[in-house]
Amino acid sequence: MRWAEAGETVIVGSRDAKRAQDAADKIKVRAGANAKISGAENIAACNAADLLVLTIPFEGHAALLKQLKPAIRPGTIVIDATVPLAASVGGRASRTLGVWQGSAAQQTAELVPKGISVVAAFQNLGAELLNADGPVDCDVIVCSDDPAAIPIVRALATKIPGARAIDGGKLENARILEQITALLIGLNIRHKGHSGIRITGLPPAAHEVV
Ligand SMILES: NC(=O)c1ccc[n+]([C@@H]2O[C@H](COP(=O)([O-])OP(=O)(O)OC[C@H]3O[C@@H](n4cnc5c(N)ncnc54)[C@H](OP(=O)(O)O)[C@@H]3O)[C@@H](O)[C@H]2O)c1
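Overview of the structure. (Residues numbered from 1 in each chain as written. Predicted model: local features only at pLDDT ≥ 70, side-chain atom pairs only at ≥ 80, totals over all residues. Heavy atoms only, no water.)

## Let's talk about the overall build of the protein
Inference 1: Of regular secondary structure, the protein possesses 8 helices and 7 strands.
Inference 2: For the protein, the C-alpha radius of gyration of 16 Å lies close to 17 Å, the compact-globule estimate for 210 residues.
Inference 3: For the protein, the proportion of contacts with a sequence separation of at least 24, taken over those separated by at least 6, is 74%.
Inference 4: Carbon and sulfur atoms form 56% of the exposed surface of the protein, whose accessible area is close to 11,000 Å². (Helix = DSSP H or I, 4+ residues; strand = E, 2+ residues; numbered from the N terminus. Rg over C-alpha atoms; globule rule 2.2 N^0.38 Å. Contact = heavy atoms within 4.5 Å. Areas by Shrake-Rupley, 256 points an atom, 1.4 Å probe, with all protein chains shown as cover.)

## Focus on the site of the ligand
Inference 1: Neighbouring the ligand are 15 residues, the closest being Ser-14, Arg-15, Arg-19, Ile-56 and Ala-127.
Inference 2: One of the side-chain nitrogen or oxygen atoms of Ser-14 is found 2.5 Å away from an oxygen atom of the ligand.
Inference 3: Within the side chain of Arg-15, an N or O atom sits 2.8 Å from an oxygen atom of the ligand. (Near = heavy atom within 4 Å. Polar contact = N/O pair within 3.5 Å; in protein donor to acceptor, adjacent residues only side chain to side chain.)

## Observations regarding the pairing of strand β2 (residues 37–41)
Inference 1: Bridge count for strand β1 (residues 10–14) against β2 is 5 bridges, and the pairing is parallel. Note on β2: the bridge partner recorded for Gly-13 is Ala-40.
Inference 2: With helix α2 (residues 17–31) bridging β1 and its parallel neighbour β2, the resulting β-α-β unit is right-handed. (Pairing = 2+ DSSP bridges. Right-handed = clockwise from strand over helix to strand, strands pointing away.)

## Some points on the environment of Ala-163
Inference 1: Within the secondary structure, Ala-163 is located in the loop between α7 (149–157) and β7 (164–167).
Inference 2: Note on Ala-163: relative accessible area 7%, which makes it buried.
Inference 3: C-alpha separation for the pair Ala-163 and Cys-138, spaced 25 residues apart in sequence, amounts to 5.4 Å.
Inference 4: With residues up to four places along the chain from it excluded, the contact list for Ala-163 reads Val-136, Cys-138, Val-140, Ala-157 and Thr-158. (Buried < 20%, exposed > 50% of the residue type's maximum accessible area, 1.4 Å probe, protein only.)

## Thoughts on the packing of aromatic side chains
Inference 1: With the rule as written, the count across this model stands at 1 aromatic pair.
Inference 2: Judged by centre distance (5.4 Å) and plane angle (80°), the ring pair of Trp-3 and Phe-122 falls under edge-to-face. Residue Trp-3 is found in helix α1 (residues 2–5), and its partner Phe-122 is found in the loop between β5 (117–120) and α6 (127–131); the two are separated by 119 residues along the sequence.
Inference 3: Given a relative accessible area of 18%, Trp-3 falls into the buried group. (Phe/Tyr/Trp six-rings, centres within 6.5 Å; stacked < 30°, edge-to-face > 60°.)

## Describing the pattern of salt bridges
Pairing between side chains of opposite charge can happen when the charged atoms of each approach one another.
Inference 1: Inspection of the entire model under this criterion finds 6 salt bridges.
Inference 2: The partner of Asp-22 in a salt bridge is Lys-18, and the shortest N-O contact between them spans 2.9 Å. Placement of the pair is Asp-22 and Lys-18 together in helix α2, with a separation of 4 residues, close to one helical turn.
Inference 3: A relative accessible area of 37% means that Asp-22 is categorised as partly exposed.
Inference 4: Given the relative accessible area of 57%, Lys-18 is considered exposed.
Inference 5: One network of salt bridges, with partners in common, ties together Asp-137, Asp-139, Arg-164 and Arg-198. (Salt bridge = Lys/Arg side-chain N within 4 Å of Asp/Glu carboxyl O.)

## Considerations on the pairing of β5
Inference 1: Alternating residues of β5 divide into Ser-117 and Val-119 and Val-118 and Ala-120, and every residue in both groups is buried.
Inference 2: Crossover handedness for the path strand β4 (residues 77–80) to helix α5 (residues 104–111) to β5: right-handed.
Inference 3: Of the strand pairs in this sheet, β5 and strand β6 (residues 139–144) are connected by 2 bridges, and their pairing is antiparallel. Within the sheet, the bridge partner assigned to Val-119 lies in β6 and is Ser-144.

## Description of unusual backbone geometry
Inference 1: The phi dihedral of Phe-122 is positive, around 75°, even though this residue is not glycine.
Inference 2: A relative accessible area of 11% means that Phe-122 is categorised as buried.
Inference 3: The phi torsion at Lys-192 lies on the positive side, around 55°, for a residue other than glycine.
Inference 4: Mapped onto the elements, Lys-192 comes out in the segment after α8 (174–191).
Inference 5: Overall, Lys-192 belongs to the exposed group, its relative accessible area being 73%.

Pasting the structure below:
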């Protein structure tokens with residue numbers, strides 16, 4: 001919704017094309033009739049996009065990526081916001097699961113075709129904040145082993161009003177971003193809020209997008 005409002009062309013993916021279209025229509029009501037948003041079944045959406053954002057529960061993560069692999073076009077950037085919450089296996093949403101590769105994003109890097117850039121981002125930006133009106137009070141830390149992909153994703157993140165995007169270094173740091181989300185969920189439960197993160201003490205250049 002935030003990217004459609006910012007004028008980006010967005011395709012909502014789903015396992016069901018009708019569900020995707022319904023979601024896109026719902027977003028259009030909020031983003032305006034000129035919003036460039038449509039819906040498609042996941043493989044069709046993947047075929048049509050040069051930048052993918054994975055926002056699915058961890059229990060479906062590996063299976064969906066295996067299914068999408070042949071449809072991911074060369075040069076695509078895959079942004080992974082997935083958090084391996086223990087809730088995926090019936091545990092608590094305030095705990096995470098161990099992932100052999102180190103994080104869900106690193107698992108993604110193993111499952112996409114060779115040469116595809118994987119970027120970890122948006123794990124700490126809650127749906128409640130995004131779904132509300134007005135600027136979000138949250139920073140987005142962007143991690144990738146492809147330095148060329150980081151500024152592209154930072155620029156995309158800053159299209160969300162209020163979000164500051166910070167280069168967080170290598171993809172291996174995704175394991176920290178994913179753990180922070182479990183903490184934020186625990187804080188939301190404990191204090192009945194919609195928490196986010198802000199990083200302080202960095203020079204303005206760290207969150208300016210040129
Ligand atoms: N919610 C948040 O505030 C938030 C914030 C940061 C990160 N995240 C992370 O982002 C991911 C999505 O979170 P969410 O709250 O949006 O989850 P969700 O509402 O449970 O799932 C999002 C969509 O994923 C699809 N899906 C569900 N199970 C699937 C499966 N087994 N295989 C393939 N697709 C499946 C569903 O779409 P279709 O049924 O239409 O295919 C569903 O609408 C999670 O990994 C979460 O940890 C969430």
